[in-house]
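# Results of the structural survey
Single-letter residue listing:
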Amino acid sequence: MPKAYVFTRYGGPETEALVEQDRLSPGPGQILVAVRAAGVNPVDWKQRTGYRRVGGPARELPAVFGNEVAGIVEEVGPDVTGFTTGDAVFGNPATGGYAEYAVLPVALTAHKPAALSFTDAATLPVAAATAYDGIRQLDLPSGATVLITGAGGGVGVAATQIARALGLRVIGVASDGKKDFVESLGAVHVPSAPFGPDLAERVRAAAPDGVDAVFDLVGGEVLEAAATLLADRTKLITGADRETATRLGGGAVERARTAAVLDEVAKLAVDGTLRPFVTRTFPLDRAGEALRAVEDGHARGKIVIEVSA
(Lines give C-alpha, C1' and ligand atoms only; values in the text may rest on other atoms or scores of the structure.)
Protein backbone atom coordinates (compact mmCIF):
# COMPACT_ATOMS: atom_id res chain seq x y z
CA MET A 1 0.00 0.00 0.00
CA PRO A 2 1.18 3.57 -0.66
CA LYS A 3 2.96 5.36 2.17
CA ALA A 4 2.40 8.84 3.57
CA TYR A 5 3.77 10.90 6.45
CA VAL A 6 0.95 12.19 8.66
CA PHE A 7 0.07 13.84 11.94
CA THR A 8 -2.55 11.88 13.84
CA ARG A 9 -3.67 14.72 16.14
CA TYR A 10 -2.73 18.34 16.83
CA GLY A 11 0.42 18.82 18.84
CA GLY A 12 4.18 18.36 18.52
CA PRO A 13 6.46 15.93 16.69
CA GLU A 14 5.12 13.07 18.83
CA THR A 15 1.94 13.15 16.69
CA GLU A 16 3.80 12.26 13.47
CA ALA A 17 3.95 8.85 11.79
CA LEU A 18 4.77 7.17 8.49
CA VAL A 19 1.69 5.15 7.58
CA GLU A 20 0.19 3.13 4.76
CA GLN A 21 -2.97 4.47 3.16
CA ASP A 22 -5.44 3.36 0.54
CA ARG A 23 -4.71 4.45 -3.01
CA LEU A 24 -6.38 7.77 -3.68
CA SER A 25 -8.81 8.54 -6.50
CA PRO A 26 -9.21 11.94 -8.18
CA GLY A 27 -12.61 13.61 -8.25
CA PRO A 28 -13.97 16.13 -10.75
CA GLY A 29 -11.39 18.75 -11.61
CA GLN A 30 -8.60 16.74 -9.98
CA ILE A 31 -5.66 14.55 -10.99
CA LEU A 32 -3.85 11.79 -9.13
CA VAL A 33 -0.09 12.32 -9.13
CA ALA A 34 2.69 9.88 -8.33
CA VAL A 35 4.84 12.17 -6.19
CA ARG A 36 8.51 12.50 -7.04
CA ALA A 37 9.32 15.41 -4.72
CA ALA A 38 7.60 17.42 -1.97
CA GLY A 39 8.72 20.80 -0.66
CA VAL A 40 8.98 21.33 3.10
CA ASN A 41 7.70 24.63 4.52
CA PRO A 42 7.10 26.20 7.95
CA VAL A 43 3.36 26.09 7.31
CA ASP A 44 3.60 22.28 7.36
CA TRP A 45 4.57 22.03 11.03
CA LYS A 46 2.30 24.95 11.91
CA GLN A 47 -0.69 23.02 10.53
CA ARG A 48 0.27 20.14 12.82
CA THR A 49 -0.23 22.53 15.76
CA GLY A 50 -3.73 23.48 14.56
CA TYR A 51 -2.98 26.48 12.35
CA ARG A 52 -5.08 26.94 9.26
CA ARG A 53 -5.34 29.62 6.62
CA VAL A 54 -8.05 32.24 7.18
CA GLY A 55 -11.21 30.85 5.64
CA GLY A 56 -9.59 27.47 5.14
CA PRO A 57 -11.39 24.22 6.08
CA ALA A 58 -10.58 22.21 9.19
CA ARG A 59 -8.24 19.29 8.53
CA GLU A 60 -9.57 15.76 8.78
CA LEU A 61 -7.23 13.70 10.94
CA PRO A 62 -4.98 11.92 10.39
CA ALA A 63 -3.74 14.48 7.87
CA VAL A 64 -0.86 14.12 5.43
CA PHE A 65 1.83 16.79 5.70
CA GLY A 66 2.87 18.92 2.75
CA ASN A 67 1.55 21.69 0.54
CA GLU A 68 3.67 21.51 -2.63
CA VAL A 69 4.66 18.60 -4.86
CA ALA A 70 5.97 17.64 -8.26
CA GLY A 71 5.37 14.33 -9.97
CA ILE A 72 3.77 12.32 -12.78
CA VAL A 73 0.06 12.24 -13.55
CA GLU A 74 -1.20 8.74 -12.72
CA GLU A 75 -4.94 9.23 -13.26
CA VAL A 76 -7.20 12.02 -14.50
CA GLY A 77 -10.52 12.76 -12.85
CA PRO A 78 -13.85 13.61 -14.52
CA ASP A 79 -14.17 16.90 -16.41
CA VAL A 80 -10.41 17.45 -16.55
CA THR A 81 -8.85 18.92 -19.67
CA GLY A 82 -5.27 19.90 -20.38
CA PHE A 83 -3.71 17.04 -18.46
CA THR A 84 -3.17 13.41 -19.37
CA THR A 85 -1.58 10.35 -17.83
CA GLY A 86 2.20 10.58 -17.89
CA ASP A 87 2.40 14.38 -17.77
CA ALA A 88 5.06 15.86 -15.50
CA VAL A 89 3.38 18.44 -13.23
CA PHE A 90 3.79 20.48 -10.05
CA GLY A 91 1.32 22.20 -7.79
CA ASN A 92 -0.56 22.36 -4.50
CA PRO A 93 -2.05 19.03 -3.37
CA ALA A 94 -5.50 18.75 -1.84
CA THR A 95 -4.49 15.65 0.12
CA GLY A 96 -1.03 16.50 1.44
CA GLY A 97 2.30 16.04 -0.29
CA TYR A 98 4.58 13.92 1.92
CA ALA A 99 3.30 10.81 0.22
CA GLU A 100 3.79 8.43 -2.66
CA TYR A 101 0.53 9.65 -4.22
CA ALA A 102 -1.34 12.95 -3.98
CA VAL A 103 -4.52 14.39 -5.44
CA LEU A 104 -4.11 17.84 -6.99
CA PRO A 105 -6.83 20.24 -8.17
CA VAL A 106 -6.07 21.22 -11.77
CA ALA A 107 -6.71 24.87 -10.86
CA LEU A 108 -3.56 24.73 -8.70
CA THR A 109 -1.43 22.58 -11.01
CA ALA A 110 0.92 23.44 -13.88
CA HIS A 111 2.97 21.44 -16.34
CA LYS A 112 6.60 21.06 -15.28
CA PRO A 113 9.07 22.42 -17.83
CA ALA A 114 11.45 19.73 -19.07
CA ALA A 115 14.42 21.90 -18.04
CA LEU A 116 13.28 21.88 -14.40
CA SER A 117 13.93 18.87 -12.15
CA PHE A 118 11.15 17.43 -10.01
CA THR A 119 13.12 18.47 -6.91
CA ASP A 120 13.40 22.09 -8.00
CA ALA A 121 9.79 22.22 -9.25
CA ALA A 122 8.55 21.06 -5.84
CA THR A 123 9.94 24.24 -4.26
CA LEU A 124 7.81 26.59 -6.35
CA PRO A 125 4.09 26.25 -5.44
CA VAL A 126 4.38 27.61 -1.86
CA ALA A 127 7.64 29.48 -1.29
CA ALA A 128 8.31 30.91 -4.75
CA ALA A 129 4.65 31.62 -5.49
CA THR A 130 4.23 33.42 -2.15
CA ALA A 131 7.33 35.49 -2.89
CA TYR A 132 6.07 36.32 -6.38
CA ASP A 133 2.63 37.33 -5.11
CA GLY A 134 4.13 39.47 -2.33
CA ILE A 135 6.58 41.37 -4.50
CA ARG A 136 3.85 42.04 -7.08
CA GLN A 137 1.52 43.22 -4.31
CA LEU A 138 4.07 45.77 -3.10
CA ASP A 139 4.27 47.15 -6.65
CA LEU A 140 7.49 49.10 -6.09
CA PRO A 141 9.29 51.08 -8.80
CA SER A 142 12.79 50.12 -9.86
CA GLY A 143 15.33 51.59 -7.46
CA ALA A 144 13.06 51.39 -4.41
CA THR A 145 14.26 49.69 -1.23
CA VAL A 146 12.43 46.72 0.29
CA LEU A 147 13.21 45.20 3.67
CA ILE A 148 12.76 41.41 3.71
CA THR A 149 12.78 39.71 7.11
CA GLY A 150 13.61 36.01 7.13
CA ALA A 151 15.60 36.57 3.95
CA GLY A 152 17.53 33.32 4.31
CA GLY A 153 14.49 31.02 4.32
CA GLY A 154 12.55 29.54 1.40
CA VAL A 155 10.19 32.46 0.74
CA GLY A 156 12.81 35.05 1.61
CA VAL A 157 15.37 33.64 -0.81
CA ALA A 158 12.82 33.65 -3.63
CA ALA A 159 11.53 37.13 -2.75
CA THR A 160 15.07 38.54 -2.67
CA GLN A 161 15.86 37.15 -6.11
CA ILE A 162 12.60 38.36 -7.66
CA ALA A 163 13.00 41.80 -6.12
CA ARG A 164 16.57 42.13 -7.35
CA ALA A 165 15.50 41.08 -10.86
CA LEU A 166 12.99 43.96 -10.81
CA GLY A 167 15.71 46.44 -9.92
CA LEU A 168 14.85 46.79 -6.23
CA ARG A 169 17.40 47.27 -3.47
CA VAL A 170 16.96 44.58 -0.82
CA ILE A 171 17.82 44.79 2.86
CA GLY A 172 17.75 41.19 4.07
CA VAL A 173 17.30 40.39 7.74
CA ALA A 174 18.69 36.97 8.63
CA SER A 175 20.88 35.25 11.21
CA ASP A 176 24.62 35.87 11.23
CA GLY A 177 25.14 32.35 9.94
CA LYS A 178 23.28 33.23 6.73
CA LYS A 179 25.15 36.49 6.06
CA ASP A 180 27.25 35.24 3.15
CA PHE A 181 24.29 33.41 1.64
CA VAL A 182 21.99 36.45 1.79
CA GLU A 183 24.68 38.71 0.35
CA SER A 184 25.25 36.23 -2.49
CA LEU A 185 21.66 36.90 -3.53
CA GLY A 186 22.43 40.58 -3.94
CA ALA A 187 20.93 41.80 -0.66
CA VAL A 188 22.45 43.94 2.08
CA HIS A 189 22.52 41.71 5.16
CA VAL A 190 21.28 42.91 8.54
CA PRO A 191 21.65 40.47 11.49
CA SER A 192 18.34 39.41 12.99
CA ALA A 193 19.57 39.14 16.59
CA PRO A 194 19.06 40.67 19.02
CA PHE A 195 15.37 41.32 18.35
CA GLY A 196 13.54 44.45 19.46
CA PRO A 197 14.11 48.16 18.75
CA ASP A 198 17.81 47.63 18.03
CA LEU A 199 16.83 45.80 14.84
CA ALA A 200 15.28 48.97 13.43
CA GLU A 201 18.47 50.88 14.22
CA ARG A 202 20.57 48.29 12.39
CA VAL A 203 18.32 48.58 9.35
CA ARG A 204 18.55 52.39 9.42
CA ALA A 205 22.33 52.09 9.45
CA ALA A 206 22.21 49.82 6.40
CA ALA A 207 19.61 51.98 4.61
CA PRO A 208 20.17 55.60 5.71
CA ASP A 209 17.69 56.82 3.05
CA GLY A 210 14.98 54.62 4.56
CA VAL A 211 12.98 51.69 3.24
CA ASP A 212 9.96 51.91 0.96
CA ALA A 213 8.35 48.62 1.90
CA VAL A 214 8.58 45.66 4.28
CA PHE A 215 8.01 42.05 3.26
CA ASP A 216 7.91 40.22 6.61
CA LEU A 217 8.39 36.48 6.90
CA VAL A 218 9.04 36.23 10.64
CA GLY A 219 6.31 38.08 12.55
CA GLY A 220 6.31 38.99 16.23
CA GLU A 221 9.03 41.31 17.54
CA VAL A 222 10.78 41.42 14.17
CA LEU A 223 7.61 42.61 12.44
CA GLU A 224 6.96 45.15 15.21
CA ALA A 225 10.44 46.62 14.78
CA ALA A 226 10.26 46.62 10.98
CA ALA A 227 6.95 48.49 10.98
CA THR A 228 8.56 51.48 12.72
CA LEU A 229 10.66 52.05 9.60
CA LEU A 230 7.65 52.80 7.37
CA ALA A 231 5.72 56.02 6.95
CA ASP A 232 3.24 54.26 4.65
CA ARG A 233 2.00 51.14 6.41
CA THR A 234 0.11 49.98 3.28
CA LYS A 235 3.57 48.87 2.13
CA LEU A 236 3.83 46.46 5.07
CA ILE A 237 2.94 42.87 4.20
CA THR A 238 3.55 39.60 6.00
CA GLY A 239 3.56 35.93 5.22
CA ALA A 240 3.95 34.99 8.88
CA ASP A 241 1.81 37.12 11.23
CA ARG A 242 -1.40 38.50 9.74
CA GLU A 243 -2.83 39.60 13.09
CA THR A 244 0.14 41.75 14.04
CA ALA A 245 0.53 43.21 10.55
CA THR A 246 -3.14 44.19 10.46
CA ARG A 247 -2.89 45.83 13.88
CA LEU A 248 0.11 47.82 12.66
CA GLY A 249 -1.72 49.07 9.57
CA GLY A 250 -0.42 46.53 7.08
CA GLY A 251 -1.79 43.20 5.90
CA ALA A 252 -1.06 39.69 4.72
CA VAL A 253 0.39 38.63 1.40
CA GLU A 254 -2.54 38.35 -0.99
CA ARG A 255 -2.08 34.93 -2.57
CA ALA A 256 -3.33 34.51 -6.14
CA ARG A 257 -3.29 30.68 -5.88
CA THR A 258 -3.57 30.11 -9.64
CA ALA A 259 -1.91 27.87 -12.18
CA ALA A 260 -0.92 31.04 -14.06
CA VAL A 261 1.34 32.10 -11.16
CA LEU A 262 2.90 28.63 -11.12
CA ASP A 263 3.68 29.00 -14.83
CA GLU A 264 5.29 32.39 -14.18
CA VAL A 265 7.57 31.21 -11.37
CA ALA A 266 8.53 28.17 -13.43
CA LYS A 267 9.63 30.49 -16.24
CA LEU A 268 11.73 32.48 -13.77
CA ALA A 269 13.36 29.25 -12.57
CA VAL A 270 14.09 28.05 -16.10
CA ASP A 271 15.63 31.35 -17.24
CA GLY A 272 17.82 31.54 -14.14
CA THR A 273 16.16 34.55 -12.54
CA LEU A 274 14.99 32.40 -9.65
CA ARG A 275 17.29 29.69 -8.28
CA PRO A 276 15.44 27.23 -5.99
CA PHE A 277 18.51 26.75 -3.73
CA VAL A 278 17.64 23.26 -2.53
CA THR A 279 20.18 22.78 0.22
CA ARG A 280 19.12 19.37 1.61
CA THR A 281 16.99 16.44 0.48
CA PHE A 282 15.53 13.54 2.45
CA PRO A 283 13.75 10.32 1.45
CA LEU A 284 10.11 9.90 2.47
CA ASP A 285 10.98 7.54 5.33
CA ARG A 286 13.01 10.39 6.87
CA ALA A 287 10.31 13.02 6.43
CA GLY A 288 10.38 13.76 10.15
CA GLU A 289 14.03 14.81 9.92
CA ALA A 290 13.21 17.08 6.98
CA LEU A 291 10.44 18.72 8.98
CA ARG A 292 12.69 19.19 12.03
CA ALA A 293 15.27 20.91 9.85
CA VAL A 294 12.66 23.54 8.93
CA GLU A 295 10.93 23.67 12.31
CA ASP A 296 14.11 24.57 14.18
CA GLY A 297 14.25 27.79 12.13
CA HIS A 298 17.82 27.44 10.91
CA ALA A 299 17.25 25.99 7.45
CA ARG A 300 19.02 27.80 4.61
CA GLY A 301 17.15 27.87 1.29
CA LYS A 302 14.77 24.98 0.60
CA ILE A 303 14.50 21.44 1.93
CA VAL A 304 12.81 18.80 -0.21
CA ILE A 305 11.56 15.25 0.36
CA GLU A 306 12.34 13.03 -2.62
CA VAL A 307 10.07 10.06 -3.29
CA SER A 308 11.31 7.01 -5.18
CA ALA A 309 9.53 6.04 -8.37
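Please refer to the structure placed before this passage.
A brief report on the enclosed structure follows.

Rules used throughout
- Position numbers for residues count from 1 along each chain, tracking the sequence in the order it is written.
- Where local features are concerned, this predicted model is filtered to residues with pLDDT of at least 70; where side-chain atom pairs are given and counted, the filter is 80 or more; whole-chain, interface and lining totals use all residues.
- Only hydrogens and water are set aside when side-chain values are computed; all heavy atoms of the structure are taken into account.
- We call Phe, Tyr and Trp rings a pair once their centres come within 6.5 Å, taking the six-membered ring for Trp, and we label the pair stacked below 30 degrees between planes, edge-to-face above 60, and tilted otherwise.
- The secondary structure listing takes helices from DSSP runs of H or I that are at least 4 residues long and strands from runs of E that are at least 2 residues long, numbered from the N terminus.
- Categorising residues by exposure relies on relative accessible area from a 1.4 Å probe, with only protein chains included: less than 20% of the type maximum marks a residue as buried, more than 50% marks it as exposed, and the intermediate range marks it as partly exposed.
- Put simply, a charge is over a ring when the Lys NZ or the Arg CZ is close to the ring centre, within 6 Å, and near the line of the ring normal, within 35 degrees.
- Crossover handedness is defined here as right-handed if the route from the first strand over the helix to the second strand goes clockwise, with the strands pointing away from the viewer.
- At least two DSSP bridges between two strands are needed for those strands to be called paired.
- Two residues qualify as a contact provided that any one of their heavy atoms is within 4.5 Å of a heavy atom in the partner residue.
- Side-chain atoms within 4.5 Å are what join buried Ala, Val, Leu, Ile, Met, Phe, Trp, Tyr and Cys residues into a set we call a nonpolar core.
- Axis lines are fitted through C-alpha atoms, for helices just across the contact stretch, and the angle between N-to-C directions can take any value from 0 to 180 degrees.
- Each angle receives one of four descriptions, namely roughly parallel if under 35 degrees, roughly antiparallel if over 145, roughly perpendicular if within 65 to 115, and oblique otherwise.
- Note that Gly is not counted as nonpolar here; it falls among the polar residues with everything else outside the nonpolar set of Ala, Val, Leu, Ile, Met, Phe, Trp, Tyr, Cys and Pro and the charged set of Asp, Glu, Lys and Arg.
- By this rule, a helix spans an expected 1.5 Å times one less than how many residues it contains.

## Looking at the packing of aromatic side chains
- For the structure shown, the criterion picks out 5 aromatic pairs.
- Geometrically, the ring pair formed by Phe181 and Phe277 is edge-to-face, given 5.2 Å between the ring centres and 80° between the ring planes. A residue pair is termed long-range when its members are at least 10 positions apart, and Phe181 in helix α5 (residues 179-184) and Phe277 in the loop between α9 (259-270) and β15 (278-283) qualify at 96 residues. Residue Phe181 shares its accessibility class with Phe277, and that shared class is buried.
- An aromatic cluster is present here, built from Tyr5, Phe7, Tyr10, Phe65 and Tyr98 joined pairwise through their rings.
- Over the ring of Tyr101 we find Arg23; its NZ or CZ atom is 5.6 Å from the centre of that ring.
- A cation over a ring is seen here: Lys112 above Phe118, with NZ or CZ 4.7 Å from the ring centre.

## What about the pairing of strand β10 (residues 169-174)?
- Burial analysis of β10 places 5 of its 6 residues in the buried class, the great majority of the element.
- One crossover worth recording links strand β9 (residues 145-149) to the parallel β10 by way of helix α4 (residues 154-165), and it is right-handed.
- As paired elements, β10 and strand β11 (residues 188-191) share 4 bridges and run parallel to each other. Its bridge partner lying in β11, Ala174 is registered against Pro191.
- Handedness of the crossover joining β10 and β11 through α5: right-handed.

## A closer look at the environment of Ala259
- With respect to the secondary-structure elements, Ala259 resides in helix α9.
- Ala259 gets classed as buried once you look at its relative accessible area, which sits at 19%.
- Placed 152 residues apart in sequence, Ala259 and Ala107 show a C-alpha to C-alpha distance of 5.8 Å.
- Those residues within four positions of Ala259 in sequence are excluded, and the remaining contacts are Val106, Ala107, Thr109 and Ala110.

## Thoughts on the nonpolar core
- Counting residues in each nonpolar core, the largest one holds 43 residues, and the members touching the most others are Phe90, Leu124, Val146, Ile148 and Phe215.
- Contributing elements (two or more residues each) for this core: α3 (124-138), β9, α4, β10, β12 (213-216) and α9.
- Broken down by element, this core gets its largest block of residues, 8 residues, from α3.
- Of all hydrophobic cores here, the second largest spans 28 residues; its members include Val35, Phe65, Ala290 and Ala293.

## A closer look at the side chain of Glu16
- For Glu16, the position within the fold is in strand β2 (residues 16-20).
- Setting aside residues no more than four positions away along its own chain, Glu16 makes contact with Tyr5, Val6, Phe7, Arg48, Phe65, Gly288, Leu291 and Arg292.

## Some thoughts on the side chain of Gln21
- Tracing the backbone shows Gln21 in the loop between β2 and β3 (30-40).
- Relative accessible area serves as the criterion here: at 17%, Gln21 is assigned to the buried category.
- Those residues in contact with Gln21 that lie beyond four places of it in its chain are Met1, Pro2, Ala4, Val64, Ala99 and Tyr101.

## Quick word on unusual backbone geometry
- Backbone torsion omega between Leu61 and Pro62 reads -5°, so that peptide bond is classified as cis.
- Mapped onto the elements of the fold, Pro62 is located in the loop between α1 (42-48) and β4 (63-64).
- Not every positive phi belongs to a glycine, and Asp139 is a case in point at roughly 50°.
- Using a relative accessible area of 62% as the deciding quantity, one classes Asp139 as exposed.
- For Phe277, which is not glycine, the phi dihedral falls at a positive 55°.

## A few points about the packing of α3 against α9
- Axis separation between α3 and α9 bottoms out at 10 Å; the angle between their running directions is 95°. Judged by the inter-axis angle, α3 sits roughly perpendicular to α9. Where α3 approaches α9, its residues Leu124, Pro125, Ala128, Ala129, Tyr132 and Asp133 are matched on the opposing element by Val261, Leu262, Glu264, Val265, Ala266, Leu268 and Ala269.
- Grouping the constituent residues of the contact of α3 with α9 by class yields 11 nonpolar, no polar and 2 charged.

## Concerning α3
- Helix length check: α3 (15 residues) gives 20 Å between terminal C-alpha atoms against 21 Å at 1.5 Å per residue, within 8%.
- The buried fraction of α3 amounts to 13 of the 15 residues, a majority that puts the element mostly inside the structure.
- A positive backbone phi angle near 50° is found at Asp139, which sits one or two residues after α3.

## Points about the sheet that holds β10
- The strand order β11-β10-β9-β12-β13-β14 describes an open sheet built from 6 strands, whose pairing is parallel. Looking at the sheet topology across the chains shown, the edges are occupied by β11 and β14 (251-252).
- Across 3 bridges, β9 lies against β12 in parallel orientation. Paired with Leu147 across the two strands is Val214, which belongs to β12.
- The strands touched by helix α6 (residues 197-206) are β9, β10 and β11; relative to β11, the strand with the most contacts, the crossing angle is about 160°.

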